[in-house]
Amino acid sequence: MNIEMTLNGKLAKAEIEPGTLLLDLLRSLGCYSVKRGCETSNCGLCTVWMDGVPTLSCSVLAARADGHEITTLEGVREEAEAFGAFLAAEGADQCGFCSPGLIMNVLAMERELESPAMDEIREYLAGNLCRCTGYAGQMRAIEKYLNRKKEA
Amino acid sequence: MFRVKEYVKAGSLEEAYQLNQKKSNVLLGGMMWLKMGSNYKMTAIDLSGLGLDKIEETEEEFRIGCMCSLRQLEQHKGLNEYFGGVFKACTRHIVGTQFRNGATVGGSVFGRYGFSDILTCMMMLDTQVELYKGGIVSLEEFAKMPYNRDILVRVIIKKDGRKAAYVSQRPSKTDFPVIACGVAKKEDCWYVSIGARPGKAALVKLTAGESSLAEQAQAAAEQFAYGDNLRASGQYRKYLAGVYVRRLMEQLKGEEQK
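Here the structure is a predicted model, which means the values were calculated and not measured.

### Describing the overall build of chain A
When helices and strands are counted, chain A shows five helices and five strands. Put simply, chain A runs from its N terminus to its C terminus through helices and strands in the order β-β-α-β-β-β-α-α-α-α. Overall, the C-alpha framework of chain A stretches about 50 × 30 × 25 Å when taken along its three principal axes. Sorting the 152 residues of chain A into buried and exposed places 48% on the buried side. At a minimum sequence separation of 6, the contacts of chain A that also span at least 24 residues come to 60%.

Here is the structure:
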């Protein structure tokens, strides 16, 4: 079957099998930031935005993306680099495998919540697992990243 | 691994219903649970084009389309204001934001999963489900019905003045619950719903009596059957249920007296 979607601001057409997962389609289109992790919808590594909403691409059929707008880390590169610098500064990206999914969800949170408290941040990001850092560095990085405008 | 030969975005409920009569076909909700099975299905039927992803509020009720996400329940102002935030309470610990953006109300309720926070929460309220062919039935009755090939179109929750509270206990945040408890009160009647026992949620109604809340909570908790699994023993669950039901009753009583 054929689908059309807007991928990172550009029209993308693809011929897919009906059972193709969005995760696999995006990787086949060169969006290698989208990682395959747990495949049980728990880890958040495969997070992309579907019409601006953070979504697990391992749990969505690519067919469902037809006519929708999909954003991956490649589509928000400047923002991702800005937040990535905060992660690096706090030593919060040890193996880095979970970083793309985390960054996508942090950027979505920044758009959705105004001045979130740490508890709200933890709750929003509960679906982004990291097996290296213990989260403390990530939390420091997120706090500093969200406060950057106030401090500027 | 979930595999499918064909994908159909249904143009109408009738089309979806007809396709769904074949056992080799499957209706798609959020796919969170479905995709973890090793199923090969002929046709995946998608309801996402039927406008069933809205929560409508009227004077008498909330009408929740089957394709609404759990995140919509969590964030819906009207639902949470009317029922004391129970929909936020019952959804906030379900995995993560992205998961709740995908998982659907229809999938959660139709599945009648034992671990379901959603089923437990809705059970204590005056909730009905609208089935495409089966019409409107109470959620309590629906939970006991055998699985069939009908379509759950929407969930209807009556604004009957019930005050409600909800709590669950999990081994760790975002895990499945060991026990899920909901208590609602209307006039002198308690509606107690307990899920993850580990069986699916069931409802017990009690008339508020002269005895202490601890005794009433215990009386309610005694009426459910509890079982063992890897997460907890039935004995532990029963003990937890008594404690949580009492706490929820105290919370509601306290709010009533304010």
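Now that the structure is up, let's keep going.
### Section: helix α9 (residues 213–222) of chain B
Residue and element names in this part refer to chain B. Along α9, the residues that are buried comprise Gln216, Ala217, Ala220 and Ala221. In an axial view of α9, the angular spread of the buried residues amounts to 135°, which keeps them on one side of the axis. Opposite the buried face of α9, at more than 90 degrees from it, the exposed residues are Glu215 and Glu222. On its buried side, α9 packs onto β11 (189–195), β12 (202–207) and α10 (234–257).

### What about the domain arrangement of chain A?
Residues and elements named next belong to chain A. When cut into domains, chain A gives domain 1 (2–74) and domain 2 (76–151). A C-alpha centroid distance of 21 Å is found between domain 1 and domain 2. With three residues, the top contributor of residues to the side of domain 1 that touches domain 2 is strand β3 (residues 47–50). When its residues are assigned to classes, the side of domain 1 that touches domain 2 shows eight nonpolar, five polar and two charged.

### Considering the confidence of the model for chain B
Here chain B shows a mean pLDDT of 95. Residues at 70 or above account for 100%. Across the whole predicted complex the pTM is 0.95, and at the interface the ipTM reaches 0.95.

### Some thoughts on the interface of chain B and chain A
Counting from both sides, the interface comprises 23 residues of chain B and, opposite them, 23 residues of chain A. Going through the elements one at a time, β1 (3–9), β3 (40–46) and α5 (97–102) of chain B are the ones with two or more residues in the side of chain B that touches chain A.

### Structural notes on the domain arrangement of chain B
Residues and elements named next belong to chain B. Domain annotation for chain B reports domain 1 (3–45), domain 2 (55–158) and domain 3 (163–257). In this complex, domain 1 contributes ten residues to the contact, which on the side of domain 2 involves twelve residues. Element by element, the count of residues in the side of domain 1 that touches domain 2 is highest for helix α1 (residues 13–20), at four residues. For the side of domain 1 that touches domain 2, the residue count by class is six nonpolar, four polar and no charged.

### Some details on the sheet that holds β1 of chain B
Residue and element names in this part refer to chain B. One open sheet holds the three strands; their spatial order is β1-β3-β2, and the pairing between them is parallel. Sheet topology places β1 and β2 (26–28) at the edges, where each strand pairs with a single neighbour. Averaged over all pairs of adjacent strands, the angle between their axes in this sheet comes to 30°, without regard to strand direction. Packed onto the sheet, α1 meets β1, β2 and β3 and runs at close to 170° relative to β3.

### Let's talk about the packing of α9 of chain B against α10 of chain B
Residue and element names in this part refer to chain B. Interhelical geometry of α9 versus α10 gives an angle of 135° and a closest axis separation of 8 Å. Between α9 and α10, the angle falls in the class oblique. In the packing of α9 onto α10, the handedness of the crossing is right-handed. On α10, the residues that touch Leu213, Ala214, Gln216, Ala217, Gln218, Ala220 and Ala221 of α9 are Lys238, Ala241, Gly242, Val245, Arg246, Met249, Glu250 and Lys253.

### Concerning the sheet that holds strand β6 (residues 127–131) of chain B
All names here are of chain B. Pairing in this open sheet of five strands is antiparallel, and the strands run β4-β5-β8-β6-β7 from one edge to the other. Either end of the sheet is taken by a strand with one partner, and the two such strands are β4 (55–57) and β7 (135–138). For this sheet, the mean inter-axis angle between neighbouring strands, taken without regard to orientation, is 20°.

### Thoughts on unusual backbone geometry
All names here are of chain B. The residue after arginine 197, namely proline 198, is reached through a cis peptide bond having omega 15°. Of note, proline 198 is situated in the loop between β11 and β12. Even without glycine at this site, valine 95 takes up a positive phi of about 50°. Take valine 95: it is sitting in the loop between α4 (86–91) and α5.

### Description of the environment of serine 116 of chain B
Residues and elements named next belong to chain B. Turning to its location among the elements, serine 116 is positioned in the loop between α6 (105–111) and α7 (117–123). With 24 C-beta atoms packed within 10 Å, serine 116 lands in the buried category. Separated by 112 residues in sequence, serine 116 and aspartate 228 have C-alpha atoms that sit 17 Å apart. Once residues lying within four places of it in the same chain are set aside, the contact partners of serine 116 are Ser108, Gly195, Lys200 and Ala201.

### A short note on the nonpolar core
Residues and elements named next belong to chain B. Ranked by size, the top nonpolar core spans 126 residues in total, and within it Met122, Met124, Cys181, Val183 and Val245 carry the most contacts. Per element, the largest residue contribution to this core is seven residues, and it comes from α10. Not counting chain neighbours up to four residues away, the residues in contact with methionine 122 comprise Val109, Thr127, Leu139, Val155 and Ile157.

Analysis parameters
Residues numbered from 1 in each chain as written. Chains lettered and ligands numbered in written order. Predicted model: local features only at pLDDT ≥ 70, side-chain atom pairs only at ≥ 80, totals over all residues. Helix = DSSP H or I, 4+ residues; strand = E, 2+ residues; numbered from the N terminus. Buried ≥ 20, exposed ≤ 12 C-beta atoms within 10 Å, placed from the backbone. Contact = placed C-beta atoms within 7 Å. Arc of directions from axis to C-beta. Domains from an automatic or database assignment. Nonpolar A, V, L, I, M, F, W, Y, C, P; charged D, E, K, R; others polar. pLDDT = per-residue confidence, 0-100. Pairing = 2+ DSSP bridges. Axes fitted to C-alpha atoms, helices over the stretch in contact; angles between N-to-C directions. Parallel < 35°, antiparallel > 145°, perpendicular 65-115°, else oblique. Left-handed = near helix turned anticlockwise from the far one by under 90°. Core = buried A, V, L, I, M, F, W, Y, C linked by C-beta atoms within 7 Å.

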